[in-house]
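Structural characterization, general
Listed below are the residues making up each chain.
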Amino acid sequence: MRLIIVMIMCICCFGCKNQTIVKNEVQDQALEKRVRPVHDTIGFTKYNWQLDSIYNRLGIKDSKNSMQWKAAVSPHDDYKYAGRLYYESLKGINANTIILIGVAHRARNFNLQDKIIFGDFTHWKSPYGDLKVSDINSEIIEQLPKYSYLVHNDMQELEHSLEAIVPFLHRKNKNLEIIPILVPYINYSLIDVIGNDLSIVVSKILKEKNLAYGKDVAVVISNDAVHYGNEEWGRDLAPFGVDDEGTKKARALDIEIIEKCLVSEISNEKIKTFTEYTVQTNDYKEYKWVWCGRYSVPFGVSFANKLNQALHNKPLQGTFLDYQSSIDHELITVEDLGMGTTAIATQKHWVAYASIKYE
C-alpha cells in the first residue's frame, strides 16, 4: 500500500513538473524578442554615424524644443533627395509614442486590401539600437473590430515607408516607442469607417492611461507626393510633358491638392476630395494622380483628425511647411557613406515631397 502511495505521488509530481515546463515555454515564447530588420540599406541609414553625417552635411543644428505637434506628414524617399524635409516634417513631433501610418507598396503581392496592417514584432531595428514597439500596439489589435485589420509581418518587413522615418525620430528620442500601421488599397468609405474605429480605440486607451495627444502620443504619416515623368516608371506618368512647363504644371497641381485637402481645418469632405484627386472613381486601386500616399495620407489624416475630435471635440488644423522634389534643390553626397539612391532623378523621372504639420 505504501508503495502504491509513493508511485501516485511521483506521477503527480512528474505531471505538475511537466505542466510547469509547458507553462514556462509558453511564457518564454510570449516574451521572445522579435525584431523587424532593416529592409532598405541604400537610400536610408543602417548605422547611426551615417545619419549623423547627413545632419552635418545638411547643416542641421538639432536641438530640443517644446513643440507638441499632434500629427505630421513626412516624405519617405532616399535621404539624398529628401533628407532636410524629413527633419522639417518631424521636428515638432516630440511624443514618446508615435503611431506611424505608412504605405503598403507591395500590397498587391499579398492580395491585401480594405484592412489596415499591423505586425507582431516587439522591436524594429534602428541605427540607434532596437526600437521598442509599444505595448499599446497589441492593445489596439485586441480592441479593434476584426473586419478592420490584419496582422501581417511579411508585409511590414518588406515595406520601406516607415523605416525611412524611424531613424530621424529615434535619433532625437532614445526612449521612443512606435505603433506601425500600413494602409493598402482602401476606398474612401472604409477610410472613414476604419479611421473612426481606430480613433475610438486609441482615444479610449489614451484616456485610461492619462496620455495626452501631442505631448505623449502623436501620429506620423508617411507619403511621397507626385511621381512624375516618362522614363523608368513602367508607364508614362507625365500628362503635362517633361519640359520646364510640364514640371511647373505638375508641381502646381500638387500644391492645389495640398491647399484644398490637407491644410487649415480638416474635415471629412477634404479627405474625400483628396481621394477624388488621386484615385480613379470607378476603381480605387488605380492611380488618377500618382501619389504613393494615396491611401496612407487620407487614412492617416482622417484618423488623426477623428482622434482629436474624440479627445477635444474639435478638428485638427493643418499647416503647410514645405514642398520639394528630387530635382529642385542641391543634393548632398552620400555615396562615401555607403549609401546611394534607389531611382534616378531627372526631369523625366522625379518625385515630390509634401511636409505638413497638424495641431
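Our structure's up above, just so we're on the same page.
Residues numbered from 1 in each chain as written. Predicted model: local features only at pLDDT ≥ 70, side-chain atom pairs only at ≥ 80, totals over all residues. Heavy atoms only, no water.

This part is about the overall build of the protein chain. Check the secondary structure of the protein chain and you find 10 helices and 13 strands. Its C-alpha atoms give the protein chain a radius of gyration of 23 Å, within 12% of the compact-globule value 21 Å for 359 residues. Taken over the C-alpha atoms alone, the protein chain extends approximately 100 × 45 × 45 Å along its principal axes. The buried share among the 359 residues of the protein chain stands at 50%. About 16,500 Å² of surface is accessible on the protein chain, with carbon and sulfur atoms providing 51% of the total. Side-chain charges in the protein chain split into 41 positive and 45 negative, and the spacing between the mean points of these groups amounts to 6 Å. (Helix = DSSP H or I, 4+ residues; strand = E, 2+ residues; numbered from the N terminus. Rg over C-alpha atoms; globule rule 2.2 N^0.38 Å. Buried < 20%, exposed > 50% of the residue type's maximum accessible area, 1.4 Å probe, protein only. Areas by Shrake-Rupley, 256 points an atom, 1.4 Å probe, with all protein chains shown as cover. Lys, Arg positive; Asp, Glu negative; His and termini not counted. Charge placed at Lys NZ, Arg CZ, Asp CG, Glu CD.)

We now examine the layout of surface pockets. By volume, the largest pocket amounts to about 770 Å³. Around the largest pocket, the lining comprises 36 residues; the ones closest to its centre are His76, His105, His160, His227 and Cys292. Of the residues that constitute the lining of the largest pocket, the class distribution is 16 nonpolar, nine polar and 11 charged. Around the second largest pocket, the lining comprises 18 residues; the ones closest to its centre are Lys64, Ile93, Asn94, Lys172 and Asn173. When contributions to the lining of the second largest pocket are tallied by element, the ones reaching two or more residues are helix H3 (79-90) and helix H6 (166-172). Per element, the largest residue contribution to the lining of the second largest pocket is three residues, and it comes from H6. Class assignment of the residues belonging to the lining of the second largest pocket gives a composition of nine nonpolar, five polar and four charged. (1 Å grid on protein atoms, 1.4 Å probe; cavity = no way out; pocket = protein on both sides within 12 Å on 5 of 7 lines; lining within 4 Å. Points joined across faces, edges and corners; volume = space filled by probe spheres on them. Nonpolar A, V, L, I, M, F, W, Y, C, P; charged D, E, K, R; others polar.)

This part takes up the pairing of strand E13 (residues 349-358). With 10 of its 10 residues buried, E13 lies for the most part within the structure. The side-chain alternation of E13 yields two buried faces, one formed by His349, Val351, Tyr353, Ser355 and Lys357 and the other by Trp350, Ala352, Ala354, Ile356 and Tyr358. Direction of pairing for strand E2 (residues 71-74) relative to E13: antiparallel, over a ladder of three bridges. Within E13, the position partnered with Val73 by the bridge is Ile356. Sheet analysis places strand E10 (residues 227-229) next to E13, joined by three bridges and oriented antiparallel. Its bridge partner being in E13, His227 is matched across the sheet by Val351. Examined bridge by bridge, strand E12 (residues 317-325) and E13 share seven bridges and lie antiparallel to one another. The partner of Thr319 across the bridge, within E13, is Lys357. (Pairing = 2+ DSSP bridges.)

To continue, consider the pattern of salt bridges. One pass over the full model with this rule turns up 18 salt bridges. With its nearest N and O atoms 3.1 Å apart, the salt bridge here joins Lys132 to Asp135. Beyond isolated ion pairs, a larger network of salt bridges with shared partners links Lys33, Lys125 and Asp130. (Salt bridge = Lys/Arg side-chain N within 4 Å of Asp/Glu carboxyl O.)

Residues of E2 alternate between two faces, with Ala71 and Val73 on one and Ala72 and Ser74 on the opposite face, all of them buried. Taken together, the four bridges between E2 and strand E9 (residues 217-222) define a ladder with parallel strand orientation. Within E9, the residue paired with Ala72 across the bridge is Val220.

With that settled, the discussion passes to the environment of Leu253. Tracing the backbone shows Leu253 in helix H8 (residues 244-261). Taking C-alpha positions, Leu253 is 9.2 Å from Trp289, a pair spaced 36 residues apart along the chain. Residue contacts for Leu253: discarding those within four places in its chain leaves Phe240, Tyr277 and Trp289. (Contact = heavy atoms within 4.5 Å.)

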